[in-house]
Structure formats: structure tokens, C-alpha cells
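# Structure assessment
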Amino acid sequence: MRDEQNQTARNFVEQVVALAPALAGPRADGLDRFAKAGLPSTRAEAWKFTNLRGLDKLTLGPAPDAATVTVDAIPTALDTPAPRLVFVAGQYRADLSRVGDLPDGVVLTALTGETAPVAGDGPFRALNSALSSHGAALRVAAGVKLTSPVELVFIAATAGDKAALWNPRIIIEIADGAEATVVEHHVGANAGTYISNVVADVSVGIGARLHHYKLQAEGLDAWHLANVSTHLAQDAVYDTFVLNLGARLARHEARQVLDGTGIEARVSGAYAITGNQVSDITTLIDHAKPHCTSREVVKGVIDGAARAVFQGKIVVRPDAQKTDGYQLNRALLLSESAEINSKPELEIYADDVKCSHGATAGELDEDQMFYLRARGISRDAARVLLIGAFLDEALDEIIDETVRAHFRAQAEAWMGAR
Amino acid sequence: MSLIEIKNLHATVDGKAILKGVDLTINAGEVHAIMGPNGAGKSTLSYVLAGREGYEITEGSVTFDGQDLLSMEIEERAAAGLFLAFQYPVEIPGVSNTTFLKEALNAIRKTRGETPLDAMQFLKLIRAKAKDLSMNDEMIKRAVNVGFSGGEKKRNEALQMAVLQPKLAILDETDSGLDIDALKIVAEGVNRLRGPERGMLVITHYQRLLDYIVPDVVHVLANGRIVKSGGKELALELEAKGYAEFGVTEAA
Ligand SMILES: Nc1ncnc2c1ncn2[C@@H]1O[C@H](COP(=O)(O)OP(=O)(O)OP(=O)(O)O)[C@@H](O)[C@H]1O
Ligand SMILES: [Mg+2]
């Protein structure tokens, strides 16, 4: 049990407990674990750069009934219609979703009502385990290649000035030799204050491939807390990317276990933030078996008084000889008060491995700015070119070209709006 | 009509006086060359004219095509027709030559009230200009100056000049780093741009370039000032005698 001193936002925790419905069994246990553990303070090593105290200032209330919310546009990262599940204020909206015409062996279901409890540590997993009532599950049977991507769309909506909390659950299971692409959208353009506490459990079977992309464009008063846990089997390819643009505070915590030989894990991301936003990308790449490669490129642009956190831990277990790990983290600071906290961590217990990491933070290059402007390009356009080029190095990690172009356009829109 | 009129220009960098009263007038249709010892202030003059930050103008004025040049933004100067071919071109990873030049040309066209070129029109233009300079398609697709050899970078400057068609081109040692054939190709490119409405300021250390780009006037810049001006024969004279007579070792 956690020492009282290491907890923060007790008021928030108590409100959550008070508002929770009557629970039984493992869900009640989850709530109990959450209440006891509380939220980590910045004294906890994993949270030392991200302060959750602001949650305490919120007054929680119920989410609006999704059926009453009008949705004008459903975001997509694709050029052609694809299967999708749409959630509004954390609740499934069948009328906006599209699940017909899936090939045999592909099951895409909306989880409603009691979702199965999730395993794993941490208060947010416990909270999701206790309260999650909506979510998405994609299961692809062995050898089936799903050509069309699947989109999971979470659209925020609030009513009144109380903060709503929802706990989406995502399950992705790609069986041996199968392949799929999943794009998550978390959007909340004009929504008020809310907390989206997402838990995703992913497994990729032997020789299977999963492209898993996420666009986080929550409203600017939102708290986005995501916890992704991925299990990779022998020869699996996992290509994942998160683009953090929205939320007042977003923490994307992703843990991947490379539990077989010959796995290729590509765990990358980008962010562009301003004002008082906080973007936290915390990853763990756990090389448990030999002959695997992992590649991680995380880059971001920080303007205003925004702050970014990158914590990237790579563990190479004693067994994991011939591991090839690469990690790059770069931040571009556009203002004097912009800040980055970067913590790369290599824990290597095997001796025959190749692991490299690099972290840099800098400003726009004055010589480059001068050169572009001397050719007639305005200051703003020159900045857009340079920022775009900077982010491209991360966005280029996205294997799917359509999604890459769409994410690029989102980043460009951010640059144009600043 | 004078295209550019530089009067008594003084500039300092970090409190250190570099330009100490430069007077220079270039009329439309003329090509001027500036020669001078290392550290004389030639590049400083070209940067000050292009509007680079970090220089303090303590005295003097510059009128370009009837406008007060020193009060203009960097990009406004470019749009007004001023072009600097850099002594040390800057590398811009992640931005392709094509994107860069299209953005530049269309920005300039926009300020001039002209319609922007679409992708096809632009590609046609840049291909033709690149061909004139014996540059291949691969080079125009690459990131700006990244991995370019010294000579390729200079050629790329010449390409930009050919695409942007400036009124006044300042070439800061565009010849250095070019092999003999490239020198001819680039000089031909410069000569193609010569015309009754345009002017050029060619900064060089070598008479050789001036065999190809024959100047109307040659100036010697030493110690932050123009200390001598003459016809094209002055360049030959300097090549023979060096800069000793201008007391270049004299402390500032
Ligand atoms: N930021 C700076 N701080 C101090 N001195 C500077 C700075 N920039 C330039 N200088 C000095 O100004 C002087 C003029 O430099 P400039 O580059 O204009 O010379 P140049 O005539 O172009 O020389 P070269 O023929 O070698 O290209 C040099 O003595 C140089 O060291
Ligand atoms: Mg120079």
C-alpha cells in the first residue's frame, strides 16, 4: 500500500468513489484498489515530471447521455470508408458506427455493460477495471489479413460545468499470422472538462502484424490518461504511433513485452503543444527474448508555456542476446517558457546487444530561418516548413501511407493555427 | 537610374565595427565586382543588405529600387528583387529543394500580385532551369543542400537565382568550390540573367571569374570601406600586386 505522502488529489479520488455505482466482485475490488492506492504524486519515480494535482480542483459529475448529443463530423484518417466504432462521451453509438462486411475471422464488437476486469498495476488500470462500461474489441483469427483499417473513434461531450469521467476499454487480439491496422481517434474540440481514462490491451501472435495508430486531439480542458499494454509473440511486427495534440494533460503510457524471438517493435510518436498543455509519453520496451529489434522515435514541438515529458525505458533481459534497440527523442522549443523533461533509460542485462539512444532539445535554427526568408518566404511560412521537417522525421515512422499523410495534415493544421 | 545606392554605411557586430563607411552605387544594367582581403567585410556587407539579424547599422543608408532597404524585413527585400547567393549555403534537412523553391517563388509572386504557379508549372520551370545548370532531377528533389558537395551547393545557389530572377543579385564567392567546367556553367547562368533592368554585385577573390562575368566596375573593399574603384583592369592589377598598398594589416 502506498504511503499517504506519495498520494495526490485525494479529493478527486473520493469524488470518484462517491459517484461510482454499486459494484460487486472484481469491479468492486478494482475500485477498492484505486481508492487505497490513490493517485501517484510527483514523488513516485514514474510520475516525477507529471503532476496530477490539478485533478483535485475538478468537480465531478455524470457524463451526458450520448443519445442526446449531436455529432456533426466523425474524424477519420482514411480516404475510403472503413469499419468503425464510435463512442460519444464514453458511450457506444451504434447509429454512428459501421461494422458490416467484415471478412470471416474478423470480429469487431462494441463492449457495453460489464466489461471484463483488466489486470496490471497502477491506479488508472484499477479505475478502468472498476468502472469501464464501454469499449471496443477487435479479434482477428489466425492467418486472416484485414485489408481495411479499423477506426475507433472517441468523441467527447460534456453537459454543464461538472467534469465527466469515462473509462474506455480497447482489446485488440491479432492471432498468429494475421494482420490488421487500427486507428484510434480521441477528439473533443469544443467539449468542456472531462477525463478520459483509456486502457488498451493488445496481443500480436506469432508472425502477426499490427499497425496501431492513435491521434489524441482531446479538448484543451481535458485530461487524457491512456495505458496500453502490448504482448508480442515470436516474429510479430508491431508498428505503433501516437500523435499528441490535444488535452490539457495527456499521458500516453505504453508497455510492450517482446516475448519471442525475431520481433520487430516500432514504438514512435510526436506531439505539438502550446499554452499550458502537458504531453507525457512514457514507454517501456521490454526485450525478454533474443534476436529482436525495437525502434523508437519521439519528437515534438513545444510552444507557449507548455511542457513535454518523455520517459523511454528499454529493458534487455539476460536472455535477450542480439537485441537491437534504437531510441531517439528530440524536442523543438518555440518559446522561452516551453519545457521538456526527457528521461531515456536503458537497463541492459545481456552482453551481446546493440542499443543506442539520443536526446536533444533545441530551438529553430537562425541560419535556416534567415536562408528561407532571404528567398522570400515569410517568417511564419519558414517556421511551418522547419517545424514540419522536424516532425516528419517522427511521422515518417508510420508505415501506413494514408494514415501518415493524415497525421501530417493534423500537425500542419496545428502549425497553421499557432 | 540607380538600382542600389549605399551611402556611408557603418555596421557593427557585437560592438565591433566591421563596415566603416561603405559608399557604392550600382545602376540598372551594371555588373560590379568587389574584391578584397579576407575579413575585409565583404560578406558582412552582403548580409547587411539581405537583412540578416545581429548587425547594428550605426550610420548610413541604403536605397534599393527607390525604397529604404534597411527598414524592410528580410523576405520583403527578397520580394523587392534582392538576392544573395550565400558564401556558405545553409543545409535544411527534411525540406526538399523543390518544396523550398516553389514556396519561395510563389511567396515572391504573391507579393508582386502575380498568380502562384501550380505544381506542374513549377516542375517544368525548375527542370528547365536545372538543365541549364547541368543539375539532374535527383538533386532538385533532395533536401536543400544536405549532403551536397561544396560545388553542388554553389550550383544550387545559381539555380535559385535563375528561378527567382532577381533585380539585384549579390554573389558572395559563388566561384569558390566550383571546378573549371562548373565555373563556366554558373557564369553562363549569371550572364543569362544580365539585362538592362538588372544589376549584379559579384564578390570574388579571383580574377578568373571576371573573365566570364565581365564587370563594368571593380571595387576594392578593405578594412570596412571601398578604398579603390576602377575598370575591369583593376582586377588584373590586384591579382598581380595583392592588397599591400591598401594597408590591410593596419589595425582597425
Ligand atoms: N559575429 C561576429 N563577431 C565578431 N566578429 C565578426 C562576427 N562576424 C564577422 N566578424 C568579423 O568581421 C570581419 C569581416 O568578416 P566578413 O565575413 O565580412 O569578411 P569577408 O570580407 O567576407 O572575408 P572572406 O574573404 O574571408 O570571406 C572579420 O574580421 C570577421 O571575423
Ligand atoms: Mg566572405
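This write-up is about the structure you can find in this document. (Residues numbered from 1 in each chain as written. Chains lettered and ligands numbered in written order. Predicted model: local features only at pLDDT ≥ 70, side-chain atom pairs only at ≥ 80, totals over all residues. Heavy atoms only, no water.)

### What about the overall build of chain B?
- Within chain B one finds nine helices and twelve strands.
- Taken along the three principal axes of its C-alpha coordinates, chain B extends 55 × 40 × 35 Å.
- Residue pairs at least 24 apart in sequence account for 69% of intrachain contacts in chain B once pairs closer than 6 positions are excluded.
- Total accessible area computed for chain B in this model is approximately 11100 Å², and 50% of it derives from carbon and sulfur atoms.
- Taken together, the 29 basic and 35 acidic charged side chains of chain B have centroids lying 5 Å from each other. (Helix = DSSP H or I, 4+ residues; strand = E, 2+ residues; numbered from the N terminus. Contact = heavy atoms within 4.5 Å. Areas by Shrake-Rupley, 256 points an atom, 1.4 Å probe, with all protein chains shown as cover. Lys, Arg positive; Asp, Glu negative; His and termini not counted. Charge placed at Lys NZ, Arg CZ, Asp CG, Glu CD.)

### A word on the site of ligand 1
Residue and element names in this part refer to chain B.
- Around ligand 1 lies a shell of 15 residues, among which Gly39, Lys42, Ser43, Thr44 and His205 are the nearest.
- In the model, an oxygen atom of ligand 1 is placed 2.7 Å from a nitrogen or oxygen of the Lys42 side chain.
- For ligand 1, whose free accessible area comes to 640 Å², the fraction covered by protein is 65%.
- Listing elements by their share of the shell around ligand 1, those giving two or more residues are strand 2 (16-27) and helix 1 (42-50).
- With three residues, the top contributor of residues to the shell around ligand 1 is helix 1.
- A class-by-class count of the residues in the shell around ligand 1 yields four nonpolar, seven polar and four charged. (Near = heavy atom within 4 Å. Polar contact = N/O pair within 3.5 Å; in protein donor to acceptor, adjacent residues only side chain to side chain. Nonpolar A, V, L, I, M, F, W, Y, C, P; charged D, E, K, R; others polar.)

### A closer look at the nonpolar core
- Counting residues in hydrophobic clusters, the biggest one holds 119 residues, and the most contacted among them are Phe241(A), Phe407(A), Ile6(B), Val22(B) and Leu159(B).
- With nine residues, helix 5 (residues 379-395) of chain A is the largest single contributor of residues to this core.
- Among all residues touching Phe241(A), those that are not within four sequence positions of it are His212(A), Tyr213(A), Lys214(A), Ser268(A), Gly269(A), Ala270(A), Ala394(A), Leu395(A), Ile398(A) and Phe407(A).
- Within the second largest apolar cluster, 41 residues are counted, among which are Leu102(A), Val204(A), Ala236(A) and Ala350(A). (Core = buried A, V, L, I, M, F, W, Y, C linked by side-chain atoms within 4.5 Å. Buried < 20%, exposed > 50% of the residue type's maximum accessible area, 1.4 Å probe, protein only.)

### Let's talk about the coordination of the magnesium ion (ligand 2)
Residue and element names in this part refer to chain B.
- Distances from the magnesium ion (ligand 2) to its protein donors, Ser43 (OG) and Gln87 (OE1), fall within 2.0 to 2.2 Å. You can see Ser43 sitting in helix 1 and its partner Gln87 sitting in the loop between strand 6 (82-85) and strand 7 (92-96), a full 44 residues away along the chain. Across the pair, exposure class does not vary: Ser43 and Gln87 are buried alike. (Donors = N, O, S within 2.8 Å, 3.2 Å for Na, K, Ca; no water.)

### Here we look at helix 1 of chain B
Residues and elements named next belong to chain B.
- Across the nine residues that make up helix 1, a large majority, nine, are buried.
- Along helix 1, the residues that are buried comprise Lys42, Ser43, Thr44, Leu45, Ser46, Tyr47, Val48, Leu49 and Ala50.
- Backbone geometry just after helix 1 places Gly51 at a positive phi near 100°.

### A look at the pattern of salt bridges
- According to the stated counting rule, one finds 35 salt bridges over all chains in the structure shown.
- Where Lys343(A) meets Glu45(A), a salt bridge forms, and the shortest distance between an N and an O atom there is 2.9 Å. One end of the pair, Lys343(A), is in strand 21 (residues 339-348); the other, Glu45(A), is in the loop between strand 2 (39-40) and strand 3 (84-88), with 298 residues separating them in the sequence.
- Residue Glu5(B) pairs with Lys7(B) through a salt bridge whose shortest N-O separation is 3.7 Å.
- In this structure Lys7(B) comes out as partly exposed when scored by relative accessible area, which is 43%.
- Overlapping salt bridges, with partners in common, bring together Glu45(A), Lys48(A), Lys343(A) and Glu345(A) in one network. (Salt bridge = Lys/Arg side-chain N within 4 Å of Asp/Glu carboxyl O.)

### Some words on the sheet that holds strand 11 (residues 217-222) of chain B
Residue and element names in this part refer to chain B.
- With mixed pairing, the six strands of this open sheet are ordered in space as 6-9-10-3-11-12. This sheet does not close on itself; its edge strands, each paired only once, are strand 6 and strand 12 (225-230). Sheet twist, expressed as the average angle between the axes of neighbouring strands with direction ignored, equals 20°.
- Where strand 6 meets strand 9 (residues 168-172), four bridges bridge the pair, whose relative direction is parallel. Along strand 9, the bridge assignment pairs Phe83 with Ala169.
- Of the strands in this sheet, strand 3 (31-35), strand 6, strand 9, strand 10 (199-203) and strand 11 touch helix 1, which is tilted by about 145° from strand 6.
- Docked against the sheet, helix 6 (residues 150-164) engages strand 6 and strand 9, running at close to 170° with respect to strand 6. (Pairing = 2+ DSSP bridges. Axes fitted to C-alpha atoms, helices over the stretch in contact; angles between N-to-C directions.)

### Topic: the layout of surface pockets
Residue and element names in this part refer to chain A.
- Space inside the largest pocket adds up to approximately 780 Å³.
- If you trace the largest pocket, you find 30 residues lining it, with Ala46, Trp47, Arg251, Glu253 and Thr282 closest to the centre.
- Where the lining of the largest pocket is concerned, the elements lending two or more residues are helix 3 (123-131), strand 13 (223-232), strand 15 (249-258), strand 17 (278-287), strand 19 (307-316) and strand 21.
- Residue contributions to the lining of the largest pocket peak at five residues, all from strand 13.
- For the lining of the largest pocket, the class distribution of residues is twelve nonpolar, eight polar and ten charged.
- Within this model, the second largest pocket holds a volume of roughly 590 Å³.
- Lining of the second largest pocket is provided by 29 residues; of these, Val187, Gly188, Ala189, Asn190 and Ala217 occupy positions nearest its centre.
- Elements with a contribution of two residues or more to the lining of the second largest pocket: strand 10 (179-187), strand 12 (209-217) and helix 6 (401-417).
- Considering each element in turn, the lining of the second largest pocket owes the most residues, four residues, to helix 6.
- The residue makeup of the lining of the second largest pocket, split by class, is 16 nonpolar, eleven polar and two charged. (1 Å grid on protein atoms, 1.4 Å probe; cavity = no way out; pocket = protein on both sides within 12 Å on 5 of 7 lines; lining within 4 Å. Points joined across faces, edges and corners; volume = space filled by probe spheres on them.)

### Let's talk about the pairing of strand 10 of chain B
All names here are of chain B.
- Most of strand 10 sits out of view: five of its five residues are buried.
- Here four bridges tie strand 3 to strand 10, and the two strands are oriented parallel to one another. Bridge pairing in strand 10 places Ile34 opposite Ile203.
- The parallel pair strand 9 and strand 10, bridged by helix 7 (residues 180-193), forms a crossover whose chirality is right-handed. (Right-handed = clockwise from strand over helix to strand, strands pointing away.)

### Thoughts on the sheet that holds strand 4 (residues 55-64) of chain B
Residues and elements named next belong to chain B.
- Across the sheet, which stays open at both edges, the four strands sit in the order 2-1-4-5 with antiparallel pairing between neighbours. A strand with exactly one partner marks an edge of an open sheet, and here the two such strands are strand 2 and strand 5 (67-68).
- Note that strand 4 and strand 5 share two bridges and pair antiparallel. Bridged to Phe64 within strand 5 is Gln67.
- Sitting on the sheet, helix 1 is in contact with strand 1 (2-13), strand 2 and strand 4, with an inclination near 110° to strand 1.

### Structural notes on the environment of Phe246(B)
Residues and elements named next belong to chain B.
- Positionally, Phe246 belongs in the segment after helix 9 (233-241).
- Sequence separation between Phe246 and Met139 is 107 residues, and the spatial gap between their C-alpha atoms is 42 Å.
- Non-local contacts of Phe246, meaning those with residues more than four positions away in its chain, are made with Val220, Ala222, Val227, Lys228 and Leu238.

### Re the environment of Leu333(A)
All names here are of chain A.
- Of note, Leu333 is situated in strand 20 (residues 324-333).
- Once the C-alpha coordinates of Leu333 and Gly304 are considered, the two residues, 29 residues apart in sequence, prove to be 9.0 Å apart.
- Each residue touching Leu333, except ones within four places of it in the same chain, is listed here: Ile302, Ala338, Glu339, Ile340, Ala361, Gly362, Glu363 and Leu364.

### Remarks on the interface of chain A and chain B
- In this assembly, 16 residues from chain A lie in contact with 31 residues from chain B.
- Linking chain A to chain B there are five salt bridges.
- In this structure, Arg373(A) and Glu53(B) form a salt bridge, with 3.5 Å as the shortest nitrogen-oxygen distance.
- Applying the counting criterion to the chain A and chain B interface returns eleven residue pairs in polar contact (both at pLDDT 80 or more).
- Among the elements of the structure, helix 4 (366-374) and helix 5 of chain A are those that each provide at least two residues to the side of chain A that touches chain B.
- The greatest single-element share of the side of chain A that touches chain B, amounting to seven residues, is contributed by helix 4 of chain A.
- Its residues placed into classes, the side of chain A that touches chain B shows nine nonpolar, three polar and four charged.

Any functional reading would require information that these geometric values do not contain.
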